[in-house]
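Chain residues, written in single-letter form:
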Amino acid sequence: MQIIKTVAEMKDFVHKIKAAGKSLALVPTMGYLHQGHLTLMREAKAACNTVVTSIFVNPLQFGVGEDYEEYPRDLTRDAQLAEPAGVDAIFAPAVAEMYPKGYHTFVDVEEITNHLCGRSRAGHFRGVTTVVNKLFNIVQPDKAFFGQKDAQQVLVIKRMVADLNMNLEIVTVPIVREEDGLAMSSRNVYLTPEERRAALMLNRSLQQAKAAIEAGERRGSAIRDMIVQTIETEKLANIDYVEVVAMSSLEPQEKLEGEILIALAVRFGKTRLIDNIMLTV
Ligand code: PAF
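In what follows, the accompanying structure is described. What you see is a predicted model; the values in this text were computed from it and never measured.

1. Considering the environment of Thr172
Next up, step 1: Turning to its location among the elements, Thr172 is positioned in strand E6 (residues 169-173).
Next up, step 2: On the accessibility criterion, Thr172 (26% relative accessible area) is partly exposed.
Next up, step 3: Sequence spacing of Thr172 and Gln148 is 24 residues, and the spatial spacing of their C-alpha atoms is 6.0 Å.
Next up, step 4: Those residues in contact with Thr172, other than ones at most four positions away along the chain, are Phe146, Gly147, Gln148, Val154 and Lys158.

Shown next as structure tokens:
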């Protein structure tokens, strides 16, 4: 497995793969890999000859006061995990390599970025779509793999790919959870043992909502209230949002029908966690 730090070397690697007629998958990450990322990599390897994973903590997608500085970084550890998961090359550029002096171009998907995380993290998705666009241009993947935990991110990237006529397939992989149900996230390392225990309420509340819908509840507000009440029993939880929305538009749904997304973001101390569940009603 190669570790590539410059755009020029990455393009050279891609050129050789393409010249050999091989298919190429990209797994974009910000590193500090966990089983969720490794699942994406294994799926990517099953689908394509060559897998590139990018490891880049993208400053553009962090707002003022967010955790850009503290975000965990450990390239040596990541490389040890990525290789057995089938990765052929890690692209780990420095910030100045991605955004050199004079950089002034940004990609902005409108409308669906006004909801959920887009509302509480101004500019976040502009940062995501800009860096993902650059990664797609540099790596030219046939397929790119993203986790369903960032459900809105997947939707925004699919929108960008469709709107800009980009020539690749976006593959979404289901959320990978710890045995006790906590969705895997690089940010879980920030949690104290007490916060981690309290965070189990997120998946529990989503499962409860799913059971209520399966039992016939069709009012979005009733589902939302149920989740809020369940999470608020944990005094360490501080809700950012709980939303019951249409999967395609991310607009809140009162009468539940078709594909719906129940998404939430909750703070435990300084750690903001997201989780979601998709249901067809
Ligand atoms: O999901 C992430 O880790 C990031 O948002 C991504 C897609 C790698 C872009 O920086």
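2. Some thoughts on the side chain of Ser186
Next up, step 1: Structurally, the position occupied by Ser186 is in the loop between E6 and helix H8 (193-214).
Next up, step 2: Under the relative-accessibility criterion, Ser186 is labelled buried at 4%.
Next up, step 3: Here the side chain of Ser186 touches Gly31 through a polar contact of 3.3 Å, landing on its backbone oxygen.
Next up, step 4: Within the structure, the side chain of Ser186 is placed 3.1 Å from the backbone oxygen of Tyr32, a separation counted as a polar contact.
Next up, step 5: If we skip the residues at most four places from it in the chain, Ser186 touches Gly31, Tyr32, His34, His37, Tyr71 and Pro72.

3. A word on helix H7 (residues 151-163)
Next up, step 1: Between its first and last C-alpha, H7 extends 18 Å over 13 residues, near the 18 Å set by a 1.5 Å rise per residue.
Next up, step 2: Taken together, the buried positions of H7 are occupied by Ala151, Gln152, Gln153, Val154, Leu155, Val156, Ile157, Met160 and Val161.
Next up, step 3: The secondary structure elements touched by the buried residues of H7 are helix H5 (116-120), helix H6 (124-139), strand E5 (143-147), E6, strand E8 (259-268) and strand E9 (271-280).
Next up, step 4: In the segment just after H7, Asn165 is the residue with positive phi, at about 50°.

4. Description of empty space enclosed by the protein
Next up, step 1: Tallied over the entire structure, the rule returns one cavity of 30 Å³ or more.
Next up, step 2: In this structure, the largest cavity occupies an estimated 60 Å³ of space.
Next up, step 3: Lys149, Gly181, Leu182, Ala183, Ser185, Asn188, Ala199, Leu202, Asn203, Leu273, Ile274 and Asp275 are the residues that line the largest cavity.
Next up, step 4: Breaking the lining of the largest cavity down by element, the ones donating at least two residues are H8 and E9.
Next up, step 5: Residue classes in the lining of the largest cavity are distributed as six nonpolar, four polar and two charged.

5. Overview of the site of the ligand
Next up, step 1: Neighbouring the ligand are the residues Pro28, Thr29, Met30, Asn58, Gln61, Val128, Val131, Val132, Phe146 and Gln153.
Next up, step 2: With respect to the ligand, the side chain of Gln61 contributes an N or O atom lying 2.6 Å from an oxygen atom.
Next up, step 3: Gln153 places a side-chain nitrogen or oxygen 2.7 Å from an oxygen atom of the ligand.
Next up, step 4: When isolated, the ligand has an accessible area of 290 Å², and the protein chains bury 88% of it.
Next up, step 5: With three residues, the top contributor of residues to the shell around the ligand is H6.
Next up, step 6: In terms of residue class, the shell around the ligand is built from six nonpolar, four polar and no charged.

6. A word on helix H1 (residues 7-19)
Next up, step 1: With 13 residues, H1 extends 18 Å between its outermost C-alpha atoms, agreeing within 8% with the 18 Å of an ideal straight helix rising 1.5 Å per residue.
Next up, step 2: Where H1 is concerned, the buried positions are Val7, Met10, Phe13, Val14 and Ile17. Down the axis of H1, the smallest arc covering the buried residues is 125°, so these residues share one side. Residues of H1 that are exposed and point more than 90 degrees away from the buried face comprise Ala8, His15, Lys16 and Ala19.

7. Re the sheet that holds strand E7 (residues 237-246)
Next up, step 1: Spatially, three strands are ordered E7-E8-E9 in an open sheet, and the strand pairing comes out antiparallel. Edge positions in the sheet fall to E7 and E9, since each of these pairs with one other strand and no more. Sheet twist, expressed as the average angle between the axes of neighbouring strands with direction ignored, equals 10°.
Next up, step 2: In the sheet, E7 pairs with E8 via nine bridges, with the strands oriented antiparallel. If you follow Glu243 over to E8, its bridge partner there is Ala263.
Next up, step 3: Packed onto the sheet, H8 meets E8 and E9 and runs at close to 160° relative to E8.

8. A look at the layout of surface pockets
Next up, step 1: Approximately 190 Å³ is the volume attributed to the second largest pocket.
Next up, step 2: If you trace the second largest pocket, you find 16 residues lining it, with Ile55, Phe56, Val57, Arg73 and Ala92 closest to the centre.
Next up, step 3: Tallied by class, the residues present in the lining of the second largest pocket amount to 11 nonpolar, one polar and four charged.

9. Focus: a negative patch on the surface
Next up, step 1: Judged by side-chain charge, Asp108, Glu110, Glu111 and Glu251 come together as a negatively charged surface patch.
Next up, step 2: As for its placement among the helices and strands, Glu110 is situated in the loop between helix H4 (95-98) and H5.
Next up, step 3: Look at Glu110 and you get exposed, because its relative accessible area is 64%.

Reading the values: rules and limits
- Residues numbered from 1 in each chain as written.
- Predicted model: local features only at pLDDT ≥ 70, side-chain atom pairs only at ≥ 80, totals over all residues.
- Heavy atoms only, no water.
- Helix = DSSP H or I, 4+ residues; strand = E, 2+ residues; numbered from the N terminus.
- Buried < 20%, exposed > 50% of the residue type's maximum accessible area, 1.4 Å probe, protein only.
- Contact = heavy atoms within 4.5 Å.
- Polar contact = N/O pair within 3.5 Å; in protein donor to acceptor, adjacent residues only side chain to side chain.
- Expected span 1.5 Å × (residues − 1).
- 1 Å grid on protein atoms, 1.4 Å probe; cavity = no way out; pocket = protein on both sides within 12 Å on 5 of 7 lines; lining within 4 Å.
- Points joined across faces, edges and corners; volume = space filled by probe spheres on them.
- Nonpolar A, V, L, I, M, F, W, Y, C, P; charged D, E, K, R; others polar.
- Near = heavy atom within 4 Å.
- Areas by Shrake-Rupley, 256 points an atom, 1.4 Å probe, with all protein chains shown as cover.
- Arc of directions from axis to C-beta.
- Pairing = 2+ DSSP bridges.
- Axes fitted to C-alpha atoms, helices over the stretch in contact; angles between N-to-C directions.
- Patch = residues over 30% accessible without salt bridge, like charges linked within 9 Å, V, L, I, M, F, W, Y side chains within 5 Å.
- Salt bridge = Lys/Arg side-chain N within 4 Å of Asp/Glu carboxyl O.
- Lys, Arg positive; Asp, Glu negative; His and termini not counted.
- Charge placed at Lys NZ, Arg CZ, Asp CG, Glu CD.

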